[in-house]
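Structural overview for review
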Amino acid sequence: LSNDATAVESRRPPGAWSVGRMAATTTTTTSSPSSSRVTVPFASMYVGPSARENLKNYRYHSTDLSLLSNHVLQPFWRAAVHALPLWLAPNLVTLIGLAHMAVAYALVAYHCPTTRLAAGDDEPPRWVWAFALYALFAYQTLDALDGKQARRTGSSSALGELFDHGCDAITTSLLSLVSATALQLTPLHALVQLMCLLVPFYLAQWEEYHTGEMFLGYVGVTEGQVIGMGMLATTAAFGPRFWTDTLLDAPLLGPTPLGDLMFYALLVPALVTTATYFTSPFRNHPELGVVQPALLLAPVAASVVAVVVWAACSPPPGVHAAHQHAFQIGVGMLFANFVGKVVVARVVQAPYRPVQYVLWPLLFGAANAAVLRVVDDEHYVYFFLAWSLLTYAHFALSVVQILCDYLNVDCLTIDYDKARRTYAEMHAKNNK
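Residues numbered from 1 in each chain as written. Predicted model: local features only at pLDDT ≥ 70, side-chain atom pairs only at ≥ 80, totals over all residues. Heavy atoms only, no water.

Moving on to the pattern of salt bridges. Should their charged atoms come close, side chains of opposite charge can pair. Applying the stated criterion across every chain, the model contains five salt bridges. Glu208 is the salt-bridge partner of Arg346, the closest N and O atoms lying 3.3 Å from each other. Of the two residues, Arg346 sits in helix α14 (residues 324–347) while Glu208 sits in helix α7 (residues 187–211), which places them 138 residues apart along the sequence. When sorted by exposure, Arg346 lands in the same class as Glu208, which is buried. Its salt-bridge partner being Arg420, residue Asp417 comes within 3.3 Å of it at the nearest N-O pair. Of this pair, Asp417 and Arg420 both sit in helix α17 (residues 416–430), three residues apart, which is roughly one turn of the helix. A relative accessible area of 22% means that Asp417 is categorised as partly exposed. Judged by relative accessible area, Arg420 falls into the partly exposed class, the value being 44%. Three or more residues are tied together by salt bridges with common partners; here these are Glu161, Glu208 and Arg346. (Salt bridge = Lys/Arg side-chain N within 4 Å of Asp/Glu carboxyl O. Helix = DSSP H or I, 4+ residues; strand = E, 2+ residues; numbered from the N terminus. Buried < 20%, exposed > 50% of the residue type's maximum accessible area, 1.4 Å probe, protein only.)

So, in structure tokens, the structure goes:
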């Protein structure tokens, strides 16, 4: 969202567009910011005027111990960023990556309404899985390039981090359903997998909120994405039923589909990562105490309990199976809301409220399934989905508008002249 109406459109290269302009212009006419921006109602409820002043203190700190990332993929990413034109805004790079995963999810969901094919169902065309493989690779690459593009164009800001994490939060749910369908997981296993992705993702931001540093261990997101690419490549080559028709005699489990074995194998590092993020603030920063960090876990703890209760108590086959995509996307967008608010609180150095109004419909859904039985799950789950999508959209648009206003930048365009100057200065410095 833009609050800058003074840009001369003729100086923008073809295709470099901005979000939030009331109408596209082709003249040099200028107007005041207040007359050219789209105002999101109640936007200030997320970032108050006093908290915005703390944006000037924003600094991003991270540690990445991944051997795969540092020694294999980083050289490729450093070379690949030079393929991006200088007028391409970093946030637009991020958005293009998200769009790839959204299209892949739509294709998979269209051909597979649930994550496990029933007997006699036709398999999706192999090209669907090939595209999903390409989309995940494109998403991973573009997600790695957006920060590099920001530095080479001199456009790094708090807005970039918030936009990046917001797109990551959305992608997490989409990728979980795509990979669960590729592995032909049962609806229950697919739900467990989703929670094993959402909870550590929130905990990573919760840890950074307390420590001020994003920490990525030796095994993490990058390795998980590469494993996902391997699974999608296998599905593209042999079809999704390869994962259910191939049985292995596993200890304690007996003959088990290969897809289920992959699920159990990936469950272990997910739980280890969750435990690592959970204990980090208490181990490394004892001065924080226990109560304050624990309070900020309340929304996630309540959500996990509510998801379990709703899924377990809803009429057979369960809301998680009968309305799988609606339920899981709704839960995923709810967690995206939590993640976004933790990131905003850290960036503007404001308290994070443990009581979140967006959680109430999920709690009601659980109470309705377990005790109340006053609303039909079949209809309520779609209200919950709409609620999660709309509240997250309002939050995201509000925060983008506020940061664009304060920083005096566009969300999806950058100053092309400044980008060229920054790149020229960096190039000259590197050649000395």
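Before going further, it helps to examine unusual backbone geometry. Note that the residue after Pro316, namely Pro317, is joined by a cis bond; omega there is 5°. A positive phi is found at Gln184, a non-glycine position, where the angle reads about 60°.

Let us now look at the packing of helix α15 (residues 360–372) against helix α16 (residues 377–407). Any two packed helices are characterised by the angle at which their axes cross and by the distance between the axes. At their nearest, the axes of α15 and α16 sit 10 Å apart, and the two run at 170° to each other. In terms of orientation, α15 lies roughly antiparallel with respect to α16. α15 and α16 meet at a crossing whose hand is left-handed. On α16, the residues touching Pro361, Leu362, Phe364, Gly365, Asn368 and Ala369 of α15 are Asp377, Tyr380, Phe383, Phe384 and Trp387. When its residues are assigned to classes, the contact of α15 with α16 shows eight nonpolar, two polar and one charged. (Axes fitted to C-alpha atoms, helices over the stretch in contact; angles between N-to-C directions. Parallel < 35°, antiparallel > 145°, perpendicular 65-115°, else oblique. Left-handed = near helix turned anticlockwise from the far one by under 90°. Contact = heavy atoms within 4.5 Å. Nonpolar A, V, L, I, M, F, W, Y, C, P; charged D, E, K, R; others polar.)

Taking 1.5 Å per residue, 13 residues should reach 18 Å; α15 reaches only 15 Å between its end C-alpha atoms and comes up short. Looking only at α15, the buried set comprises Pro361, Leu362, Gly365, Ala366, Asn368 and Ala369. All buried residues of α15 lie within an arc of 155° about the axis, which places them on one face of the element. Looking at the buried residues of α15, the elements they touch are α12 (298–313), α14 and α16. In the stretch just after α15, Arg373 is the one whose phi turns positive, near 55°. (Expected span 1.5 Å × (residues − 1). Arc of directions from axis to C-beta.)

Everything listed here is a matter of geometry and, on its own, says nothing about what the molecule does.
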